[in-house]
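Coordinates in review
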Amino acid sequence: MDITEKLLRVNFSTDETPHIKVNTSICDTTCSMKVCLNICPAERFTLESEKLRFVVDGCLECGACRISCDTGAVSWSYPRGGAGVRFRLG
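Residues numbered from 1 in each chain as written. Predicted model: local features only at pLDDT ≥ 70, side-chain atom pairs only at ≥ 80, totals over all residues. Heavy atoms only, no water.

1. Thoughts on the nonpolar core
If you look at the biggest cluster of nonpolar residues, it comprises 17 residues, and the most contacted ones within it are Ile20, Val22, Phe45, Cys65 and Val74. Going through the elements one at a time, strand S2 (20-22), strand S4 (51-54) and strand S5 (74-76) are the ones with two or more residues in this core. Among all residues touching Phe45, those that are not within four sequence positions of it are Val22, Cys36, Leu37, Cys40, Leu52, Arg53, Phe54 and Cys65. (Core = buried A, V, L, I, M, F, W, Y, C linked by side-chain atoms within 4.5 Å. Buried < 20%, exposed > 50% of the residue type's maximum accessible area, 1.4 Å probe, protein only. Helix = DSSP H or I, 4+ residues; strand = E, 2+ residues; numbered from the N terminus. Contact = heavy atoms within 4.5 Å.)

This is the structure:
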């Protein structure tokens, strides 16, 4: 099962204000390792034309990017008022 099929098993209730913000200019100028490309289980971080791109849609709210980022480029908080990920069992 690939990542797209796995993400189809998760219900998302999006908030108008994203729970995670990434300052990609910090990533592009000061981060050489770009750990987020490999640590995000939902593969929300990609490289396009040697620049980091982040898409919040499909984020699993695990916080791995926030923990692994040592440049301070990731600002992460829980979604507001019941919004966010709801995992289906089974």
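2. Describing the environment of Val85
Position of Val85 among the secondary structure elements: in strand S6 (residues 84-87). Along the primary structure Val85 and Glu43 are separated by 42 residues, whereas in three dimensions their C-alpha atoms are 16 Å apart. Apart from residues lying up to four places away in sequence, Val85 is in contact with Val10, Asn11, Phe12, Cys59, Leu60 and Glu61.

3. Thoughts on the pairing of strand S3 (residues 45-48)
For S3 and S4, the ladder comprises 4 bridges, and the chain directions are antiparallel. Paired with Thr46 across the two strands is Arg53, which belongs to S4. As consecutive antiparallel partners, S3 and S4 are separated by 2 residues, and within that stretch Ser49 has a phi angle of approximately 55°, a positive value. (Pairing = 2+ DSSP bridges.)

4. Section: the pattern of salt bridges
Applying the stated criterion to the full structure yields 1 salt bridge. Glu48 serves as the salt-bridge partner of Arg53, at 3.5 Å between the closest nitrogen and oxygen. Residue Arg53 is classed as partly exposed on the basis of its relative accessible area of 40%. What makes Glu48 partly exposed here is its relative accessible area of 42%. (Salt bridge = Lys/Arg side-chain N within 4 Å of Asp/Glu carboxyl O.)

5. Section: empty space enclosed by the protein
The final tally for this structure, using the stated rule, is 1 cavity of 30 Å³ or more. If you add up the space inside the largest cavity, you get close to 70 Å³. In terms of residue class, the lining of the largest cavity is made up of 12 nonpolar, 1 polar and 2 charged. (1 Å grid on protein atoms, 1.4 Å probe; cavity = no way out; pocket = protein on both sides within 12 Å on 5 of 7 lines; lining within 4 Å. Points joined across faces, edges and corners; volume = space filled by probe spheres on them. Nonpolar A, V, L, I, M, F, W, Y, C, P; charged D, E, K, R; others polar.)

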